[in-house]
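One letter stands for each residue in the lines below.
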Amino acid sequence: MSARELHLNAFLMGVGHHEAAWRHSRTDPRALGDVTHFQHLARTAERGTFDSVFLADGVQIWGDVRHTAAGHFEPLTLLTALAQATDHIGLIATASTGFSEPYNLARLFSSLDHISGGRAGWNIVTTAQDRSAQNFNREVNTEHAERYERAAEFLDVTTALWDSWEDDAVVADPGSGVYADEAKVHEVGHRGRFFSVRGPLNAVRSPQGRPLLVQAGSSEDGRAFAAAWAEAVFTAQQTHEDATAFYADLKRRVVAAGRPADGVKVLPGIVPVLGGTEAEARRLAAELDELIIPERAVRQLTDMIGVDLTGHPLDAPLPALPPVSRINGAKSRFELVRDLAERERLTLRQLLGRLGGGRGHQVVAGTPEQIADHVELWFTTGAADGFNVMAPLLPSGLEEFVDHVVPLLRARGLFRTEYTGRTLREHYGLARPVSRYAAGTEVVAEVG
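Because the structure is predicted, anything quoted here is derived from the model rather than measured.

Conventions and cut-offs
Here, residues in each chain are numbered from 1, in the same order as that chain's written sequence. Thresholds applied to this predicted model are a pLDDT of at least 70 for local features of residues and 80 or more for the giving and counting of side-chain atom pairs; totals over whole chains, interfaces and linings are not thresholded and use all residues. The side-chain numbers reported here are obtained from all heavy atoms of the structure, hydrogens and water having been left aside. Helix and strand assignments follow DSSP, with helices taken as H or I runs no shorter than four residues and strands as E runs no shorter than two, numbered in order from the N terminus. The classification of residues rests on relative accessible area computed with a 1.4 Å probe and restricted to protein chains. Under 20% of the type maximum is buried, over 50% is exposed, and intermediate values are partly exposed. The contact criterion used is simple: two residues touch if any of their non-hydrogen atoms lie within 4.5 Å. Each accessible area is a Shrake-Rupley result for a 1.4 Å probe, and residues are judged covered by the shown protein chains and nothing else. Under this rule, positive means Lys or Arg and negative means Asp or Glu; His and the chain ends count for nothing. Every charge is mapped to an atom, namely NZ of Lys, CZ of Arg, CG of Asp or CD of Glu. Here, a salt bridge means any side-chain nitrogen of Lys or Arg that lies within 4 Å of a carboxyl oxygen of Asp or Glu. A score between 0 and 100, pLDDT records how confident the predictor is in each residue. Here, a strand pair is defined by DSSP locating no fewer than two bridges between the strands. For a helix, the expected span equals 1.5 Å multiplied by the residue count minus one. Geometry of aromatic contacts follows a simple scheme: Phe, Tyr and Trp rings, the Trp one being its six-membered ring, pair when their centres are within 6.5 Å, and the pair is stacked under 30 degrees between planes, edge-to-face over 60, tilted otherwise.

Concerning the overall build of the chain
Line of reasoning, step 1. For the chain, the helix and strand inventory stands at 14 helices and 13 strands.
Line of reasoning, step 2. With respect to the principal axes defined by its C-alpha atoms, the chain has extents near 75 × 50 × 45 Å.
Line of reasoning, step 3. Counting all 448 residues of the chain, 55% fall into the buried class.
Line of reasoning, step 4. For the chain, the share of sequence-separated contacts (at least 6 apart) that also reach a separation of at least 24 residues comes to 78%.
Line of reasoning, step 5. Summed over all atoms, the accessible surface of the chain reaches about 18800 Å², with 51% contributed by carbon and sulfur.
Line of reasoning, step 6. Separation between the mean location of the 45 positive side-chain charges and that of the 58 negative ones in the chain comes to 2 Å.

Right, here's the structure in full:
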C-alpha cells in the first residue's frame, strides 16, 4: 500500500447515472422504488472496500415527469435501511442549508450516525434553483452569496448542536438516579442573522462526534466555504489541467484557513463506461447516447445552467451566454458547461450527448486497465485524492468496477484490500473532532 491512500465513493443514482439508463436493456426502472436494489448496491460497494456510498437529493422534480425516471426515497431514510444491510461502508446523504433548519438536520444526521455505528456523512448543498424555492413559500431563490452566508451560519449552529453533549456527559447510574451530568450538556445560545437556536440537541453525542462534512460547490463562494468546513469535496472537472488547478487552489485555501491540506479529500466525479475492449466500451456509450430524448435533455440543461435553451436548434452552437456574474444558480456548473461547449465547439445536440453520461462529470470509456490508468494518473499527479464513482448503469456498472477495476488498483498498491477502521472518519483518515465545550477547548464565537 502506498503511503497516500486512494479514496473511492460510490454515487448511487437510481438505475444509473446516464440520463437514459432506465431505458437500457441492462437495467430495470422498477428497481427505483425497491429498497433491496439500493441495499445490493451498498453491499457491492462494501465488497469493493469503498470508503462510502452517496445519495444526491433535491427538493423539486428534475427534468419532466414524462421522460425522467423519478426517484422514490428521501436519502436519510434510505441510508438508515442501507445501514442495516452493511457493516463498514460510510453513508453520505445530501441535505440543503437553504430549505432546512439546523436543529432538525442535526437530529437527523446524529440519528443516522448512531444507527450506523459512526458511518454518517452530510453532503452540504445550498440549493440553487428557483423551482426549489417555489416549494417553500418563495417565488425566487435568494442570491448566491447570501446562500453561502446562510450556509456558514448553518454549519456553525449545527456543529455546536452536535457538540452540545460532551462525550462523557451520560452517567446512567440507576443507583443515584443520575442519567447525565448537567455540567456537560450545553445550551448553544445562538442568535445570528439567519438563526436563533437555544439548544442543546436532544440527542447524545454520536460515535463520530459529528458526521463527515462533504461539500460539492466549486464557485468562488463554494471554494471558500469548502476551505472552512469541508472534509471531502465532490467536484466536477473535464480535463486534467482543470483538475490539478482546482486541487492546488483548494489545498492552498485549506492551509490558509489553518487546516492541514490532507484534512480535505478532493474527489472528482468519474463515469466509467466499461467494456472488455475499448471498442466494446465505446459501443455501450453510443448505445446510451442514442437513447437520450432531446426534449428532456434540453430541459435538464436549462435547469442545470439557468439559461433557457428551449427551442434553440439542436444542430447549432449554443447561443451567446450571459457572464457568470449574472447567473444566480450553480455558477461552477455553468462555467464548466460553457467552457466545454466553447473549447470543443459543440452544437447543442453534441453538448447534450457529452452531458448525458454525467451532467458535466468526466465520462471515461475503456477497458478496466484504461480506467485504472486514468484513476492512477489523476491520483499520482495532484489532480485528485480519489474519485466519486458514477456508474452509467446500475447495478451492472458498479459490479464491473468492483470486480475488474478495484483488483487492478489493489495490485498497484493504491487501494485498500480490507477495512482497517470502523467509522467513516477512519476510512478517510480523519480524526474524531473534540467537542468545543470540552475542558481546554476554545469555544467557537457566535455569528451576529
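Still more ground to cover, so stick around.
With respect to the environment of Leu201
Line of reasoning, step 1. In this fold, Leu201 is placed in the loop between β8 (196-197) and β9 (212-215).
Line of reasoning, step 2. A sequence separation of 17 residues divides Leu201 from Ser218, and the C-alpha atoms of the two residues are 31 Å apart.

Some words on the pattern of salt bridges
Line of reasoning, step 1. A complete count under the given rule lists 27 salt bridges for this structure.
Line of reasoning, step 2. Asp51 serves as the salt-bridge partner of Arg416, at 3.0 Å between the closest nitrogen and oxygen. Of this pair, Arg416 sits in the loop between α13 (396-411) and α14 (424-427) while Asp51 sits in the loop between α1 (35-47) and β2 (52-55), and the two are 365 residues apart along the sequence.
Line of reasoning, step 3. Judged by its relative accessible area of 0%, Asp51 falls in the buried class.
Line of reasoning, step 4. Linking Arg205 and Asp167 is a salt bridge whose minimum nitrogen-to-oxygen distance equals 3.1 Å. With Arg205 in the loop between β8 and β9 and Asp167 in the loop between α5 (144-163) and β5 (170-173), this residue pair connects regions lying 38 residues apart in the sequence.

Section: the confidence of the model for the chain
Close inspection of predicted coordinates is inappropriate in any region flagged by low pLDDT.
Line of reasoning, step 1. For the chain, per-residue confidence averages 90 on the pLDDT scale, and 94% of positions sit at 70 or higher.
Line of reasoning, step 2. The model gives residues 443-448 a pLDDT under 50, and that stretch makes 17 contacts with residues more than four places away or in other chains.

Structural notes on the pairing of strand β13 (residues 386-389)
Line of reasoning, step 1. Inspection of the sheet shows strand β1 (residues 7-11) paired to β13 by four bridges, in the parallel sense. Looking at the pairing, Asn9 lines up with Asn388 of β13.
Line of reasoning, step 2. As paired strands, strand β11 (residues 265-274) and β13 are joined by two bridges and run parallel to one another. Bridge pairing in β13 places Ile270 opposite Val389.

Here we look at helix α3 (residues 102-116)
Line of reasoning, step 1. Taking 1.5 Å of rise per residue, 15 residues should cover 21 Å, and α3 covers 21 Å from first to last C-alpha, within 8% of that figure.
Line of reasoning, step 2. Looking at the buried residues of α3, the elements they touch are α2 (75-85), β3 (90-96), β4 (120-125) and α5.

What about the pairing of strand β12 (residues 362-366)?
Line of reasoning, step 1. The element β12 is largely enclosed, with a buried count of four among its five residues.
Line of reasoning, step 2. Here β11 runs beside β12; their pairing, made up of five bridges, is parallel. The partner of Val271 across the bridge, within β12, is Val363.

Overview of the packing of aromatic side chains
Line of reasoning, step 1. With the rule as written, the count across this model stands at 11 aromatic pairs.
Line of reasoning, step 2. An angle of 85° between the planes, with centres 6.2 Å apart, marks the rings of Trp122 and Trp162 as edge-to-face. Taken together, the positions of Trp122 in strand β4 and Trp162 in helix α5 put the pair 40 residues apart, joining distant regions of the chain. When sorted by exposure, Trp122 lands in the same class as Trp162, which is buried.
Line of reasoning, step 3. Pairing Trp378 with Phe387 gives two aromatic rings, centres 6.1 Å apart and planes at 45°, and the pair type is tilted. Pair check on accessibility: Trp378 and Phe387 agree, each one buried.

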